[in-house]
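Fold and contact review
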Amino acid sequence: MDLESPSYSGIPRQSLPSAVADKLREQIIRGEIPEGAQLRQDAIANQYQVSRIPVREALRQLDAEGLIAIVPNRGAIVPALSPSDIEELFSIRALLEPEVLKLSIPHLTEEDFSDASAVLRKYVNELRRPDHLSAWGRLNWQFHSILYSRANQPRFLAIIRNVNNSGERYTRLQLYLTHGVKRANEEHHQILEFCRQRDIPAACELLREHILHAGHSLKEVLEQKRKESQLEIENSGRRAKS
């Protein structure tokens with residue numbers, strides 16, 4: 001955790017626990033705090049120029065959201081999700097998000113469609129630049145959240161947002177590791193078109209398939225990469241002994 005980076009600066013004094021939680025959440029989702037990292041209360045308090053009390057409350061908030069885990073004798077850490085954990089997150093999304101989209105589509109406006117199109121244009125430009133990887137998950141959520149925004153289901157949306165927060169860094173990995181950019185672009189545009197046409201069954205079914213495919217492809221590539229890493233560790237051990 002690089003506390004010397006420019007993004008770690010003093011924060012406003014109002015609603016300190018929420019402000020600290022917002023800062024940490026952004027760093028985790030952007031991948032600046034990697035999986036496995038330990039979040040030390042004193043270091044965070046010093047960097048943000050606050051006491052440890054709001055930091056402790058912020059960590060509890062992030063723990064409740066599932067974004068970090070508070071582990072006995074280790075404190076707060078950013079958990080590394082297993083391939084099966086990731087598949088579960090995407091399965092939850094595939095159950096919840098089509099239901100919200102179904103409620104939202106009849107009430108979407110031309111302004112909503114225009115906003116979603118604008119996000120997609122920016123998203124397409126960012127996807128061409130692997131050095132802008134940190135923006136991919138954020139823009140993906142912006143697009144989807146516009147389409148869900150007219151459902152009038154704030155609690156439902158809060159749950160979906162928490163699930164997306166937990167998996168956002170893996171959404172970026174899915175696009176990067178599986179070279180899924182072309183398919184994601186095509187499906188996003190088709191989902192938007194179905195919404196414009198008020199074709200609720202087609203939009204919801206494509207959204208479900210879109211999410212499930214992303215989860216399945218990411219699970220496969222992570223399993224393969226972790227097998228390769230384990231094999232490399234074993235080979236290094238054998239070479240050290242020889």
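All values derive from a computational prediction rather than experimental measurement. (Residues numbered from 1 in each chain as written. Predicted model: local features only at pLDDT ≥ 70, side-chain atom pairs only at ≥ 80, totals over all residues. Heavy atoms only, no water.)

1. Regarding the pattern of salt bridges
Tallied over the entire structure, the rule returns eight salt bridges. Across the salt bridge formed by Arg150 and Asp112, the nearest N and O atoms sit 2.8 Å from each other. Here the residue Arg150 occupies a position in the loop between helix 6 (133-148) and helix 7 (154-177), and Asp112 occupies one in helix 5 (residues 110-127), the gap between them amounting to 38 residues. In this structure Arg150 comes out as partly exposed when scored by relative accessible area, which is 36%. (Salt bridge = Lys/Arg side-chain N within 4 Å of Asp/Glu carboxyl O. Helix = DSSP H or I, 4+ residues; strand = E, 2+ residues; numbered from the N terminus. Buried < 20%, exposed > 50% of the residue type's maximum accessible area, 1.4 Å probe, protein only.)

2. Some details on helix 4 (residues 83-104)
The terminal C-alpha atoms of helix 4 lie 31 Å apart, and with 22 residues this matches the ideal 32 Å at 1.5 Å per residue to within 8%. Listed in full, the buried residues belonging to helix 4 are Pro83, Ile86, Leu89, Phe90, Arg93, Ala94, Glu97, Pro98, Val100, Leu101 and Ser104. (Expected span 1.5 Å × (residues − 1).)

3. A closer look at the sheet that holds strand 3 (residues 75-77)
As summarised here, the arrangement of the three strands in space is 1-3-2, forming an open sheet in which the pairing is antiparallel. Lying at the two open borders of the sheet, with one neighbouring strand each, are strand 1 (38-39) and strand 2 (69-71). Judged from the three bridges that link them, strand 2 and strand 3 form a sheet pairing that is antiparallel. The partner of Ile70 across the bridge, within strand 3, is Ala76. Lying on the sheet, helix 3 (residues 52-65) is in contact with strand 1, strand 2 and strand 3; it crosses strand 2 at an angle near 110 degrees. (Pairing = 2+ DSSP bridges. Contact = heavy atoms within 4.5 Å. Axes fitted to C-alpha atoms, helices over the stretch in contact; angles between N-to-C directions.)

4. A look at the confidence of the model for the protein chain
Of all residues in the protein chain, 83% attain a pLDDT of 70 or more, and the chain-wide mean is 84. Across residues 3-8, confidence stays below pLDDT 50; counting only partners more than four residues off in sequence or on other chains, it has 13 contacts. (pLDDT = per-residue confidence, 0-100.)

5. A word on the nonpolar core
In terms of nonpolar packing, the biggest core is built from 38 residues, with Ile86, Leu101, Phe143, Leu147, Tyr148, Leu192 and Cys195 touching the most fellow members. Those elements that place two or more of their residues in this core are helix 4, helix 5, helix 6, helix 7, helix 8 (181-196) and helix 9 (200-241). Ranked by residues supplied to this core, first place goes to helix 9 with eight residues. (Core = buried A, V, L, I, M, F, W, Y, C linked by side-chain atoms within 4.5 Å.)

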